[in-house]
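One letter stands for each residue in the lines below.
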Amino acid sequence: MNSFKFLAIASLAFLSCTKNSLIVQTQNRLDDHLKFSTYGIESNGLTDVTQDLQKLLDTSSIIYLKAGVYTISNTLNIKSNTKLIGEKGTIIKGGKDMTGTLLEFGRYIFAERANNTTIQQITFRQSESSYSYREWNNACIFLLNCKTFNVESCFFDFHLSYQTLGQEAVWVSGSEAHGNTIQSNEINTLGIRYAENGADGTLVKNNVLNKSYSNALSASGNHKTDLIVGCRILNNKIFDAGRMGIEDWGNTDGSIIEGNLITGTGKDSKQAIDGIALSAVGTNSSVLNNTISDSQIYAIEVRGNYGSIVKENKIFANPNSTAVILNYTFTKPSDKLPLARVENNNIKESKIGVHIVGDYESRVLIYKNSFQNIDDKAISIESGARKYIIDLRANHYTFNKPNQRDRFALFSYTHFRPGVADQVIKSLRDTITFTSSSNGGAGVDFGFVIRTDRASIDQLTVRANNVKNSSKVPVNAFTALGGRPISVVLRNSNVKGGRVDLGGFKDIKLSNNTFSQ
């Protein structure tokens, strides 16, 4: 067979396969379209169809609801093993004459012990009338003690203003609740309460939340004896939340908060005082690979003595807030919890990089983080604990813009007199760089300020590059800054083009250091 004939036959075969494939795809789309039905229910947006929809939900296990506007006046109840799937353009809307829990809680759908159930591709639209919100449990879809319930690819078309009392798109509650999923939804002005009152194992994934009235995503560990265990909050996008982006608090354990984008929190002036981007103050929280900007107060907050991991997050453009706060104002529940870890985070243009605060013992490893152009303190240690161990390793601090005020790579403070406390700071292979473009600042630049006893600094590198502020004051690379710490060790360290002030240290131990202007 000649090559021309072979190519012709091959081309015909390819075209035939392609044509057949297109026919199959077209037929599948037609078949999918034929699945959808109004089931004889009015979908004109004017007729109250609450009873008709409820009867359909009671008697059917799989419902393909055709596009249209279905108006309800009270809450719909959904049972186990039900699939409610909407055609694109399927809208359930609160009517003008709402009653019961629809009026009082904004509750469109209620599910109690409704297991293995799915709500998919439905638009929930706000009523033209006002809801009479209660103080708690206000939600469009309320799941009580459900298992493997899935809310997917829905659109919550609401337009609440920023306010402290509002409504969630989905609320998961109950000690029996487990393994529910809230994914790929678009939510305007509402939030999601993914766990409350002992609900375990919720997956919250790939949702987009715009201008949530208060918190965008929340877990409320409010059950005194039943932990919320194993929730996963993955790859959600949060824009301009009124209060917090993600709040995971109270009796929660093992929450994984990963890959989320949070841009803008505390957008309500009345809630801005709590405008944290991501607060994970449960036990054994993992905060991983999130991207955060434009936060108020804090970008990330964790309970420092509760086995928390803060790793590979990107935090930038937060000039008024702390990037990571390790909160030691909570009592430690168990001595067996691992130390906190802050690793491989990239932190730029925040007021404070990592802040350690509180009077309970801290044990934390701060490893291989990058700090760039921190406005105040890259690492601020202000613990009131009599005993702690803070381990710093291979962090890099870069300043390439002039400062606006005094700024510090590391600042350690203690209110204890020398020799009283057992506060230990260890630093190994930390590097500080001031580039020439940081010349001329309004304040003084500092490298390490050590004011606590028994600090051990090994292989510290400070490249000060003869940077001076507007008053010609050079970088103060290493100092006690008025403190009188005892038994500090500085070894194998290199300072170039900056000042080293050893005057405040009592019995400092020096070995193998190089200091040069």
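Scroll up to find the structure.
Remember, it's a predicted structure, so these values are computed and weren't measured experimentally.

Visitor: Quick rundown of the overall build of the chain? Include the residues and the values.
Guide: When helices and strands are counted, the chain shows 3 helices and 53 strands. Counting only carbon and sulfur atoms, one obtains 50% of the accessible surface of the chain, whose full area is about 21,800 Å². Side chains of the chain carry 56 positive and 47 negative charges; the gap between the two charge centres is 8 Å.

Visitor: Quick one: what's the story with the pattern of salt bridges, residue by residue and with numbers?
Guide: What the rule picks out here adds up to 18 salt bridges. Between glutamate 112 and arginine 113 there is a salt bridge, with the nearest N and O atoms lying 3.4 Å from each other. For glutamate 112, a relative accessible area of 42% puts it in the partly exposed group. Assessed through its relative accessible area of 41%, arginine 113 is described here as partly exposed.

Visitor: Please set out the nonpolar core residue by residue, giving values where relevant.
Guide: The biggest cluster of nonpolar side chains holds 112 residues, and the ones touching the most others in it are Tyr108, Phe124, Phe156 and Tyr194. Residues contacting tyrosine 194, with those up to four places away along its chain left out, are Val172, Ile182, Thr202, Val204, Leu217, Ser218, Ala219, Cys231, Ile233, Ile246, Glu247 and Asp248. Counting 5 residues, the second largest nonpolar core, distinct from the first, contains Phe408, Phe411, Phe446 and Val449.

Visitor: An account of helix α2 (residues 50–59) is needed here, citing residue identities and associated values.
Guide: Of the positions making up α2, those classed as buried are Thr50, Leu53, Gln54, Leu56 and Leu57. For α2, the angular spread of buried residues about the axis comes to 160 degrees, placing them on one side. Residues of α2 that are exposed and angled more than 90 degrees away from the buried face: Gln51, Lys55 and Thr59. Buried residues along α2 sit in contact with β1 (44–48), β2 (62–65), β3 (68–72), β4 (76–77) and β5 (83–86).

Visitor: Summarise the layout of surface pockets; cite the residues concerned and give the values.
Guide: Roughly 320 Å³ of internal volume is contained in the largest pocket. Trp136, Thr164, Arg193, Tyr213 and Ser214 are the residues nearest the centre of the largest pocket, which is lined by 18 residues in total. Where the lining of the largest pocket is concerned, the elements lending two or more residues are β13 (168–173) and β23 (246–250). Across the lining of the largest pocket, the residue classes tally to 5 nonpolar, 8 polar and 5 charged.

Visitor: Describe the environment of isoleucine 450, listing the residues and the values that go with them.
Guide: Relative to the assigned elements, isoleucine 450 resides in the loop between β45 (445–449) and β46 (456–458). With 58 residues separating them along the chain, isoleucine 450 and isoleucine 508 place their C-alpha atoms 11 Å apart. The residues contacting isoleucine 450, other than those within four sequence positions of it, are Leu410, Ser412, Ala455, Ile457, Phe478, Thr479, Ala480, Pro485, Val488 and Phe505.

Visitor: Requested: an account of the pairing of β2, with residues and values cited.
Guide: Residues Ile63 and Leu65 point to one face of β2 and are all buried, whereas Ile62 and Tyr64, pointing to the other face, are not buried. As judged from the 4 bridges shared by β2 and β5, these two strands associate in the parallel manner. Across the sheet, the residue bridging to tyrosine 64 is isoleucine 85, located in β5.

Visitor: Tell me about empty space enclosed by the protein, residues and numbers included.
Guide: Taken as a whole, this structure holds 2 cavities of 30 Å³ or more when the rule is applied. Reported here for the largest cavity is a volume of approximately 70 Å³. Lining the largest cavity are Gly304, Asn305, Lys332, Leu337, Pro338, Leu339, Ala340, Glu361, Ser362 and Arg363. Here the second largest cavity is characterised by a volume of approximately 40 Å³.

Cut-off values and rules
- Here the residue index of a chain counts from 1 through its sequence in written order.
- Under the rules for a predicted model, residues below a pLDDT of 70 receive no local features and side-chain atom pairs below 80 are neither given nor counted, while totals for whole chains, interfaces and linings still include all residues.
- With hydrogens and water excluded, all non-hydrogen atoms of the structure serve as input to the side-chain values.
- Numbering goes from the N terminus for both helices and strands, where a helix is a DSSP run of H or I of at least four residues and a strand is a run of E of at least two.
- For the area figures, the Shrake-Rupley method with a 1.4 Å probe applies, and any residue is considered shielded solely by the protein chains shown.
- Counting rule applied: Lys, Arg positive; Asp, Glu negative; His and chain ends not counted.
- Where a charge sits is defined by one atom per residue type, namely NZ (Lys), CZ (Arg), CG (Asp) or CD (Glu).
- Salt bridges are defined by distance alone: a side-chain nitrogen of Lys or Arg within 4 Å of a carboxyl oxygen of Asp or Glu.
- With a 1.4 Å probe rolled over the protein chains alone, any residue whose accessible area is under 20% of its type maximum counts as buried; one over 50% counts as exposed, and the rest are partly exposed.
- Only buried residues count toward a nonpolar core, which is a set of Ala, Val, Leu, Ile, Met, Phe, Trp, Tyr and Cys residues joined through side-chain atoms within 4.5 Å.
- Contacts were defined at the residue level, with two residues in contact if any of their heavy atoms lie within 4.5 Å.
- What the arc describes is the spread of directions from the helix axis to the C-beta atoms.
- Cavity means a closed set of points on a 1 Å grid over the protein atoms alone, one where a 1.4 Å probe fits but cannot get out, pocket means an open set with protein on both sides within 12 Å along at least 5 of 7 lines, and lining means a residue has an atom within 4 Å of a point.
- Grid points are joined across faces, edges and corners, and a volume is the space filled by probe spheres set on the points.
- Gly is put with the polar residues, along with every residue not named as nonpolar or charged; the nonpolar set is Ala, Val, Leu, Ile, Met, Phe, Trp, Tyr, Cys and Pro, and the charged set is Asp, Glu, Lys and Arg.
- A strand pair is defined by DSSP finding two or more bridges across the two strands.

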